[in-house]
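Geometric and topological summary
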Amino acid sequence: MSSPEGLTVRLTTAPQASPSFLETDRLVLRPATAADAPDLLALDNDPAVMRYINGGRPTSAEDIRDRTLPRLLHDHPCTGTRGYWIAREKETESFLGWFELRPLTDHDPAVVELGYRLNRAAWGRGYATEGARALVDKGFTDLGVQRVTANTMAVNAGSRRVMEKAGLTFVRAYTEDWPEAIEGSEHGEVEYELTRETWQRGR
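Fair warning: this is a prediction, and the values are worked out from it, not measured in the lab. (Residues numbered from 1 in each chain as written. Predicted model: local features only at pLDDT ≥ 70, side-chain atom pairs only at ≥ 80, totals over all residues. Heavy atoms only, no water.)

**Thoughts on the overall build of the protein chain**
A tally of regular secondary structure across the protein chain gives six helices and 10 strands. Here the protein chain, with 203 residues, has 45% of them falling under the buried criterion. Here the analysis covers contacts within the protein chain between residues at least 6 apart in sequence; of these, 60% occur between residues at least 24 apart. If you sum the accessible surface of the protein chain, you get close to 11,300 Å²; carbon and sulfur atoms cover 50% of it. (Helix = DSSP H or I, 4+ residues; strand = E, 2+ residues; numbered from the N terminus. Buried < 20%, exposed > 50% of the residue type's maximum accessible area, 1.4 Å probe, protein only. Contact = heavy atoms within 4.5 Å. Areas by Shrake-Rupley, 256 points an atom, 1.4 Å probe, with all protein chains shown as cover.)

Written out as structure tokens, the structure is:
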């Protein structure tokens, strides 16, 4: 359309945010879209964020497009939903990272893996625990989950604290072959879990 001054004005419709999967007091968890690629690229290129994932090595835009996004966009038939969700701060809508509650097989919701990757702005503010607890509750309440498992490097004290605060308990320490060893990998991995029965007793 044209304004009275003769300027041409193009009206566009702002893209709508995808519906939220889960909300907490401070967080909104939504399914990922391709529009999240720049935020995901920035997240995976922070060496501090990736220290216990790949040793802090850079991630390319192609990696996000070809590996990360397909994983985040995958729907699991057994739950009828995704296994990963983008986390944004409810008040500001700022990108914080993502949370995972992913069935280990596409056709059985009984066992799921809990995970999270948040940017440094979100660290030390309780967001990881808040999101993890909410997802665990959602899994046991609505998704048919019987057991939540989580794994991290033994030296990743921060992630282990989040697992514990979310109600998971230590199961075992183990070692696995890393394609490329990173600092701390020589100390092995740890597994934590929370069963439906234990969760119900704690409510």
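Next comes the rest of the write-up.
**Structural notes on helix α5 (residues 157-165)**
Of all the positions in α5, only S159, V162 and M163 are classed as buried. One side of α5 holds all its buried residues, which, seen down the axis, span an arc of 100 degrees. Directly beyond the C-terminal end of α5, a positive phi value near 100 degrees is found at G167. (Arc of directions from axis to C-beta.)

**A word on the pairing of strand β7 (residues 108-118)**
Most of β7 is tucked away, with nine of its 11 residues classed as buried. Linking two consecutive strands that pair antiparallel, namely strand β6 (residues 95-105) and β7, is a turn of two residues. Alignment of β7 against strand β8 (residues 147-153), held across three bridges, turns out to be parallel. Residue pairing in the sheet places V111 in a bridge with R147 of β8. In this fold, β7 hands off to helix α4 (residues 127-142), which returns the chain to β8; that crossover is right-handed. (Pairing = 2+ DSSP bridges. Right-handed = clockwise from strand over helix to strand, strands pointing away.)

**Remarks on the nonpolar core**
In this structure, L29, F99, L101, L114, L135, V148 and L168 are the most contacted members of the largest nonpolar core, which totals 33 residues. Elements represented by at least two residues in this core include exactly β2 (27-30), β5 (84-89), β6, β7, α4, β8, α5 and β10 (189-195). With seven residues, α4 is the single largest residue contributor to this core. Setting aside chain neighbours within four positions, we find L168 in contact with L114, V148, T149, A150, M163, Y192, E193 and L194. Grouped together as the second largest cluster of nonpolar side chains are 13 residues, A32, L72, Y84 and W98 included. (Core = buried A, V, L, I, M, F, W, Y, C linked by side-chain atoms within 4.5 Å.)

**Considerations on the pattern of salt bridges**
This structure, assessed with the given rule, holds 16 salt bridges. K90 is the partner of E23 in a salt bridge, and the nearest nitrogen-oxygen pair spans 3.5 Å. Remark: K90 occurs in the loop between β5 and β6 and E23 occurs in strand β1 (residues 22-23); sequence separation between them is 67 residues. Within the structure, one salt-bridge network assembled from shared partners comprises R147, R172, E191 and E193. (Salt bridge = Lys/Arg side-chain N within 4 Å of Asp/Glu carboxyl O.)

**Considering the side chain of T129**
With respect to the helices and strands, T129 occurs in helix α4. The exposure class of T129 is buried, given its relative accessible area of 11%. Setting aside residues up to four positions removed in sequence, T129 forms contacts with V162 and K165.

**Thoughts on the packing of aromatic side chains**
Under the definition given, this model contains five aromatic pairs. When the centroid spacing of 5.7 Å and the interplanar angle of 80 degrees are considered together, the rings of F170 and Y192 count as edge-to-face. Taken together, the residues span a long stretch of sequence, with F170 in strand β9 (residues 169-174) and Y192 in strand β10 at a distance of 22 residues. What makes F170 partly exposed here is its relative accessible area of 45%. In this structure Y192 comes out as buried when scored by relative accessible area, which is 2%. In this structure, K138 packs its charged tip against the face of F21, placed 5.2 Å from the ring centre. The positively charged end of R172 is found above the aromatic ring belonging to Y174, 4.2 Å away from the centroid. (Phe/Tyr/Trp six-rings, centres within 6.5 Å; stacked < 30°, edge-to-face > 60°. Lys NZ or Arg CZ within 6 Å of the ring centre and 35° of its normal.)

**Here's the deal with the side chain of D36**
Positionally, D36 belongs in the loop between β2 and α1 (37-44). Residue D36 is classed as buried on the basis of its relative accessible area, which comes to 7%. Non-local contacts of D36, meaning those with residues more than four positions away in its chain, are made with P31, I86 and R88.

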